[in-house]
Amino acid sequence: MSNLVSIEGLTVTFTGRGKPVRAVDHVSLEVEKGSVLVLLGESGSGKSVTLRSLLRLHPEKTSKVSGRIIVDGHDIMALSKTGIGDVRGRTVSMIFQEPMLALDPVYTLGQQITETILRHENVTPEQAHARALELFEKVQIPSPERRLNAYPHEMSGGMRQRAMIALALACRPKVLLADEPTTALDATVQIQILLLLRALQRELGLSIVFVTHDIGVAVEIADKIAVMYAGRIVESGSVADILHTPRHPYTQGLLASRVERAKKGDRLKTIPGSPPDLTALPPGCAFAPRCDKTTAACREQVPSLVTGAYDHAVACIHA
Amino acid sequence: MSTAPDTLATDPRDRGGPAQSLLSINGLVKHFPVKGSGFFGRGGVVRAVDGVSFDIRKGETLGVVGESGCGKSTTARLLMHLIKPDHGEIIFDGEKVGIDLPLSEYRRQVQMVFQDSYASLNPRLTIEDSITFGPRIHGMAETAARAKAHDLLARVGLDPSRFAGRYPHELSGGQRQRVNIARALALDPRLLILDEAVSALDKSVEAQVLNLLQDLKADFGLTYMFISHDLNVVRFMVDRVMVMYLGTVAELGEGEAVFASPSHPYTAALLASMPKMDPSERTIEAPLTGDPPNPINPPSGCRFHPRCKLAEPVCATIQPSLTASAPGTSQAACLALVPQSGHTLAARLSLPVPDIESMLMPEASA
Ligand SMILES: Nc1ncnc2c1ncn2[C@@H]1O[C@H](COP(=O)(O)OP(=O)(O)OP(=O)(O)O)[C@@H](O)[C@H]1O
Ligand SMILES: Nc1ncnc2c1ncn2[C@@H]1O[C@H](COP(=O)(O)OP(=O)(O)OP(=O)(O)O)[C@@H](O)[C@H]1O
Ligand code: SF4
Ligand code: SF4
Ligand SMILES: [Mg+2]
Ligand SMILES: [Mg+2]
């Protein structure tokens, strides 16, 4: 069992405007080669910031990052500018919820993919074009030759997502970071993209870190799930453990609020309150103001993530 | 829940009473010219919306589902008059929009919350300024507009003292979408079009926003058109549901009936694509392969025929129109449901769902 990605005590604080925002707080994670880790959590819980840290994408002037990130032997935080440039795309690449963020509206998809390959690798334009075509076939874009000449805005949501995945795979990365890539898609296309990612994971031995807020999606794709809340991991374990025997009150609340279990027009069960202001986190457990099991002890110190049987870990003193 | 709230009866803007649809759409068509090909030749247009008719009843929530590119957002944009239809009319509470009812009047009464919460907020405006923008353009005094913005922020669950002065990039996705909802409500609309409005939200926030939308609907006497790819959410939210395929309506009916026993083979496949919520029973094969065919040159006859396992030769020649196969069932555009259509299954009045599903298994040759 080799870990392709290993994150230790990652802490990210944004210092741009007003009070500092601690978006990620002592996060530790490991991703085995060829496996899929899902980061599941609520808006603002730090999933994207964690993901972006792996590519060192935070604004240098307004962010403070500490901890250690090792990806395939590269010490991400210690790399030079050129060093991190080499890692991006070649070792780690990323896909987003909104493909338009990754795709340039003024170039055709074929131009963008061949350009990316040519920038990173010593190949001829013909070879790069052939690879682009092969990638479009791999991500199952119909009439791939024709689609290479299309502009991003000429494609529907699902097709753009495939094109973005093709672009991300252009330089044969080992780790794919996926930030809500199926969130804006309808069900028939979503399941195809999830099956595609699973196939790519198998065929290419890709490790995937997949961010989502949708437990249904997580269940379809994850090997392991890590649940984030207010910048911290509050629970992690196998898909089955998280789904069937959630131990953290937040995870339990998330599962209970699922719309699948409600009848039309019912009031949904919700977790009361809202996520904490990251500039003014409560002392101790960040979930305490919303939790129905809170005791005085919960507010004293941040509960640490304690690993139990089968790698099922939970950060709650009353779990 | 499906009954119109009392506020409708007292809304001074109500004209035709509860029996008159709030919105009637007749034969809506929107084709976009394709770059690089002749503007007039056949095949030179994207048939984004191609003959769509439906009503939105007062006080109801009409759901709209269908694959990427089937024309949901274009339909919404047409309803918002953000783009002009090529054909078709929009009747709002009995008045033809743009003829009996001036566009400016109509625009106040129909508001939209978009899919992309970030792009729809001006990054250089504070949250408060974004919300007051519409009312001030329509002549509301600044202090009144600000007071209203603070009310609405509180109403959508964002503490005005914490959020009013923030900029969009300082908010998470869920917070931005609440701002968008507040902004849409600032002009007191009667119809709110929600285009993937909760898609980017995590589940606990989504649950709150769905509850919020139900509350706001009752409190303000709103009518919703609810576009979403999340079929679980649609099942939960809507009174009726419209299933679109390649710019046309495939099925339209009561939400409960459609979800319990879909009439159209496409609807059945769509429902079978929902995540299984069981790691030991993961989906192995997608119920539908490929994206929808190209709307530039849609398939002849029934547009679903190249992907449909019930397709027969007749399906490539006749375009089915919406029909109810039995009283009380949904309307579906499928020849297998139309007696004497020439489809061999047409004799049967209703298709048992398991039957459809077993026949929908994807096949490479399709
Ligand atoms: N560049 C930045 N400057 C300041 N604050 C930031 C920046 N990027 C993110 N944040 C803040 O960090 C926190 C975590 O954000 P992040 O984008 O990781 O959330 P997320 O879990 O991905 O949420 P979502 O589901 O909404 O995408 C949020 O409070 C956000 O406002
Ligand atoms: N301005 C435009 N110019 C050309 N084609 C367009 C334009 N807007 C939309 N289209 C095309 O019209 C069709 C319908 O698009 P629309 O955005 O309505 O789909 P949708 O159902 O909302 O899809 P999604 O689920 O991806 O949001 C698509 O093929 C799209 O590419
Ligand atoms: S530590 Fe206390 S407040 Fe936090 S989740 Fe556990 S019981 Fe709730
Ligand atoms: S008309 Fe034919 S192709 Fe279309 S949905 Fe019905 S059976 Fe399938
Ligand atoms: Mg994010
Ligand atoms: Mg859309």
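Residues numbered from 1 in each chain as written. Chains lettered and ligands numbered in written order. Predicted model: local features only at pLDDT ≥ 70, side-chain atom pairs only at ≥ 80, totals over all residues. Heavy atoms only, no water.

Describing the overall build of chain B
And step 1. The helix and strand tally for chain B stands at twelve helices and twelve strands.
And step 2. Split into buried and exposed, the 366 residues of chain B put 57% on the buried side.
And step 3. Restricting to contacts in chain B with at least 6 residues of sequence separation, those with at least 24 account for 67%.
And step 4. With the model as given, the accessible surface of chain B reaches about 14800 Å², and the carbon-plus-sulfur share is 55%. (Helix = DSSP H or I, 4+ residues; strand = E, 2+ residues; numbered from the N terminus. Buried < 20%, exposed > 50% of the residue type's maximum accessible area, 1.4 Å probe, protein only. Contact = heavy atoms within 4.5 Å. Areas by Shrake-Rupley, 256 points an atom, 1.4 Å probe, with all protein chains shown as cover.)

Focus: the site of ligand 4
And step 1. If you check the shell around ligand 4, you find His264(B), Pro265(B), Cys302(B), Phe304(B), His305(B), Cys308(B), Leu310(B), Ala311(B), Cys315(B), Cys334(B), Leu335(B) and His343(B) and nothing else.
And step 2. The residue makeup of the shell around ligand 4, split by class, is nine nonpolar, three polar and no charged. (Near = heavy atom within 4 Å. Nonpolar A, V, L, I, M, F, W, Y, C, P; charged D, E, K, R; others polar.)

Let's talk about the pattern of salt bridges
If the charged atoms of two oppositely charged side chains come close together, the side chains can form a pair.
Residues and elements named next belong to chain B.
And step 1. Tallied over the full model, the rule gives 35 salt bridges over all chains.
And step 2. A salt bridge links arginine 240 to glutamate 60; the nearest nitrogen and oxygen atoms lie 2.9 Å apart. Of this pair, arginine 240 sits in strand β9 (residues 240–245) while glutamate 60 sits in the loop between β2 (45–56) and β3 (61–65); the two residues are 180 residues apart in sequence, bridging distant segments of the chain. For the pair arginine 240 and glutamate 60, one class covers both residues: buried.
And step 3. We note a salt bridge from glutamate 142 to arginine 136, for which the minimum N-O separation is 3.4 Å.
And step 4. On the accessibility criterion, glutamate 142 (39% relative accessible area) is partly exposed.
And step 5. One network of salt bridges, with partners in common, ties together Asp11, Arg13, Asp14, Lys58, Asp93 and Arg190. (Salt bridge = Lys/Arg side-chain N within 4 Å of Asp/Glu carboxyl O.)

Considerations on the sheet that holds strand β1 (residues 23–33) of chain B
Residues and elements named next belong to chain B.
And step 1. Ordered by their spatial adjacency, four strands build an open sheet running β2-β1-β4-β5, and the pairing between neighbours is antiparallel. At either end of the open sheet lies a strand with only one pairing partner, and these are β2 and β5 (95–96).
And step 2. As judged from the nine bridges shared by β1 and β2, these two strands associate in the antiparallel manner. Note that in β2 the partner of phenylalanine 32 across the bridge is valine 46. (Pairing = 2+ DSSP bridges.)

Considering helix α4 (residues 127–137) of chain B
Residues and elements named next belong to chain B.
And step 1. Among the residues of α4, those classed as buried are Ile127, Glu128, Ser130, Ile131, Thr132, Gly134 and Pro135.
And step 2. Here the buried face of α4 lies against α5 (142–155), α6 (160–163) and α7 (173–185).
And step 3. One or two residues past the end of α4 sits glycine 139, with phi positive at roughly 95°.

Here we look at the environment of Val302(A)
And step 1. In this fold, Val302(A) is placed in the loop between α10 (249–256) and β11 (306–307).
And step 2. On the basis of relative accessibility, which here comes to 41%, the residue Val302(A) falls in the partly exposed class.

A closer look at the site of ligand 2
And step 1. Contacts to ligand 2 come from 14 residues, most closely from Gly69(B), Gly71(B), Lys72(B), Ser73(B) and Thr74(B).
And step 2. At ligand 2, the nearby residues belong to more than one chain, namely chains A and B.
And step 3. Between ligand 2 and Thr74(B), the relevant distance is 2.5 Å, taken from an oxygen atom to a side-chain nitrogen or oxygen of the residue.
And step 4. Contact with the protein chains hides 73% of the accessible area of ligand 2, taken as 640 Å² for the molecule alone.
And step 5. Counting residues per element, the shell around ligand 2 draws most heavily on helix α2 (residues 72–79) of chain B, at three residues.
And step 6. Looking at the shell around ligand 2, its residues break down into five nonpolar, seven polar and two charged. (Polar contact = N/O pair within 3.5 Å; in protein donor to acceptor, adjacent residues only side chain to side chain.)

Examining the interface of chain A and chain B
And step 1. Between chain A and chain B, the contact holds 61 residues from the first and 58 residues from the second.
And step 2. A buried area of about 4800 Å², summed over both sides, lies between chain A and chain B, and 52% of it is on carbon and sulfur atoms.
And step 3. In this assembly, chain A and chain B are joined by three salt bridges.
And step 4. A salt bridge links Asp215(B) to Arg267(A), with the nearest nitrogen and oxygen atoms 2.9 Å apart.
And step 5. The tally of links between chain A and chain B comes to 18 residue pairs in polar contact (both at pLDDT 80 or more).
And step 6. Elements with a contribution of two residues or more to the side of chain A that touches chain B: α6 (157–168), α7 (187–204), α8 (215–221) and α9 (239–244) of chain A.
And step 7. Here the side of chain A that touches chain B gets eight residues from one element, more than from any other, and that element is α7(A).
And step 8. Residues belonging to the side of chain A that touches chain B are distributed by class as follows: 21 nonpolar, 20 polar and 20 charged. (Buried area = accessible area lost by both parts, 1.4 Å probe.)

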